[in-house]
Amino acid sequence: MQFLKTFVISLFLVVFISGCGDNKEELNQQIVESKTYKWKLVTSWPKNFPGLGMAPEKFAEYVNEMSGGRLTVQVYGAGELVPGFEVFDAVSQGTAQMGHSGSYYWKGKIPSSPLFGAIPFGMTATELNAWLHYGGGLELWQEMYKPFGIIPMAGGNSGAQFAGWFKKEIQSMDDLKGLKMRIPGLAGEVLQRAGAVPVTLTGGEIYSSLQSGAIDGTEWVGPYNDLAFGFYQAATYYYSSIWHEPGTGLEFLINEKALKELPKDLQKIVEVAARAVNESTLDEYNARNNAALQTLVEKHNVQMRKLPPEVISELKEITAQVMAEQAANDEGFAKVWASYSAFHDSIKSYHDLTLKEYFMHR
C-alpha cells in the first residue's frame, strides 16, 4: 500500500509539473520528499543482544523517527540474513545497505582495519573517538574502505574489555603455551607469538565451544555481555586485566551507492543517528558493567584474577614487534598507524597529566 501511495503521489506531481512553470523546482523537491526508502542492516551479533545487538536497533529507531518514516531500517541479527562474519561482503555487494560489526574482523581484507576498533595497549574509548572525529582517523578509515564501496562510521564503543575467561589460572607466560583462546584481531597474533592458539568465533559460538572444551579460554566484552552469555558456567577464572582492547570501537558499514541515492537530509540523518548511537552505546556499557560484575562475583561466585605483571610486560613487548611488522608489510597500515600512534602519544601525555593523576587522588 505504501508503494502504491508513493507511486500515485509521484505520478500526480509529474503530470502537474507540466502546467506549473515557475513552480517546477518546488514540485521536484516535493517528489523527492515523498519518496520512501527501506534499508536492510545486517549485524555480527545475535538479534537484540544487550549492548552490541541493541546499537543497530537504536539506530533504526532514531532514523525512522527523525525521517518521519521516509527511511526505515530493518535489522537482521547474525545468521538471519547472512552469517556474522559475512557482514562486510554483504554491504560491499549491496545485499544489505548497512552493517554493524567490529572492524578487526576484516583484517584479512584490510590490514589496517583493527586500528579503527581496538589494538593491544592502544587508545581508550574516549581517546579513540577523539582521534576518529577530530584527529583525522575517520577520513583515513573511509579511505581504507573506499575500494570496497563502503563508508564506515563509528557505531558504538564497549569501553575497556576484560582479559577474559579461563579454565585454568594464568600465572606465567608458560601457561599461555598451547592455550586455545577465542580472540580476534591483532591481539590474536600477539597471543600466537606467545605460544597460544587464537581462534576466531562469532559471539553465538563462544559458549558451546568453551563448554565443550574446543577452546580453553575466551575474551568477549566485559561483565555486562559476559554475564548475559553465561560464561561463568563454563570457565572458572575471570581476568580483569585490560591489555588487548582498552576501548573497543564498533562500526556502521554503509553501502556508498545506497547512501548517495538518499536525499541530502536523509544522508545527514544517517550520520547524526550513527553519532548518537556511538555515544549512547558507550554510556550504556559504562552504566551496566559494574552492576553485572557485582552479580558475577556475589551471586555466581566467580573467581576474579589479574594477569601477573611479567605477563603484561611480555605481551606489551610482543605487541610492539607485531605493530612494527604490520607497518613494514602494508602501506595502508603504515599510513594509518603513523596517524594513530602520533595522536596516541599526544593524548596519553595529556591524560597522564590530568586523569591519571586524578584517579590516584580520588
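Residues numbered from 1 in each chain as written. Predicted model: local features only at pLDDT ≥ 70, side-chain atom pairs only at ≥ 80, totals over all residues. Heavy atoms only, no water.

## With respect to the pairing of strand β2 (residues 71–76)
Every second residue of β2 is oriented toward a common face, the buried set being Leu 71, Val 73 and Val 75 and the non-buried set Thr 72, Gln 74 and Tyr 76. Both strand β1 (residues 37–43) and β2 contribute to a ladder of 6 bridges, which runs parallel. Paired with Lys 38 across the two strands is Thr 72, which belongs to β2. Remark: the β1/helix α3 (residues 54–66)/β2 crossover connection has right-handed handedness. (Buried < 20%, exposed > 50% of the residue type's maximum accessible area, 1.4 Å probe, protein only. Helix = DSSP H or I, 4+ residues; strand = E, 2+ residues; numbered from the N terminus. Pairing = 2+ DSSP bridges. Right-handed = clockwise from strand over helix to strand, strands pointing away.)

## Structural notes on a nonpolar patch on the surface
On the surface, a nonpolar cluster with roughly 300 Å² of combined accessible area is contributed by Leu 355, Tyr 358 and Phe 359. Tracing the sequence through the fold places Tyr 358 in helix α14 (residues 355–361). (Patch = residues over 30% accessible without salt bridge, like charges linked within 9 Å, V, L, I, M, F, W, Y side chains within 5 Å. Areas by Shrake-Rupley, 256 points an atom, 1.4 Å probe, with all protein chains shown as cover. Salt bridge = Lys/Arg side-chain N within 4 Å of Asp/Glu carboxyl O.)

## Description of the nonpolar core
In summary, soluble globular proteins display a tendency toward joint burial of nonpolar side chains. Of all hydrophobic cores here, the largest spans 74 residues; its most connected members are Trp 131, Tyr 145, Leu 176, Trp 220 and Trp 243. Not counting residues up to four positions away in its chain, the partners in contact with Leu 176 are Ile 170, Leu 191, Ala 194, Gly 195, Ala 196, Val 311 and Leu 315. Counting residues in each nonpolar core, the second largest holds 24 residues, with Ala 55, Ile 269, Ala 273 and Ala 274 among its members. (Core = buried A, V, L, I, M, F, W, Y, C linked by side-chain atoms within 4.5 Å. Contact = heavy atoms within 4.5 Å.)

## A short note on the packing of aromatic side chains
One pass over the full model with this rule turns up 26 aromatic pairs. Centroid distance Trp 45 to Tyr 105: 6.4 Å. Interplanar angle 50 degrees. Geometry classified as tilted. A residue pair is termed long-range when its members are at least 10 positions apart, and Trp 45 in the loop between β1 and α3 and Tyr 105 in the loop between β3 (98–102) and α5 (125–134) qualify at 60 residues. Accessibility expressed as a relative area gives 14% for Tyr 105, which makes it buried. Aromatic pair Tyr 358 and Phe 359: ring centres 6.0 Å apart, planes at 50 degrees, arrangement tilted. (Phe/Tyr/Trp six-rings, centres within 6.5 Å; stacked < 30°, edge-to-face > 60°.)

## Re the environment of Lys 306
In this fold, Lys 306 is placed in the loop between β11 (303–305) and α12 (309–329). The exposure class of Lys 306 is exposed, given its relative accessible area of 65%. Counting along the chain gives 201 residues from Lys 306 to Tyr 105, while the straight-line C-alpha distance between them is 27 Å. Dropping the residues within four chain positions of it, Lys 306 is found in contact with Tyr 239, Ser 240 and Ser 241.

## A closer look at the layout of surface pockets
By volume, the largest pocket amounts to about 1300 Å³. Contributions of two or more residues to the lining of the largest pocket are made by α5, α11 (264–298), α12, α13 (331–353) and α14. Per element, the largest residue contribution to the lining of the largest pocket is 8 residues, and it comes from α13. Tallied by class, residues from the lining of the largest pocket come to 16 nonpolar, 12 polar and 7 charged. Taken as a whole, the second largest pocket holds about 400 Å³ of empty space. The wall of the second largest pocket is formed by 16 residues, among which Leu 138, Gln 142, Ile 151, Met 153 and Glu 271 lie closest to the centre. Elements that contribute at least two residues to the lining of the second largest pocket include exactly α6 (137–145), β4 (150–157), α10 (256–261) and α11. Of the residues that constitute the lining of the second largest pocket, the class distribution is 8 nonpolar, 3 polar and 5 charged. (1 Å grid on protein atoms, 1.4 Å probe; cavity = no way out; pocket = protein on both sides within 12 Å on 5 of 7 lines; lining within 4 Å. Points joined across faces, edges and corners; volume = space filled by probe spheres on them. Nonpolar A, V, L, I, M, F, W, Y, C, P; charged D, E, K, R; others polar.)

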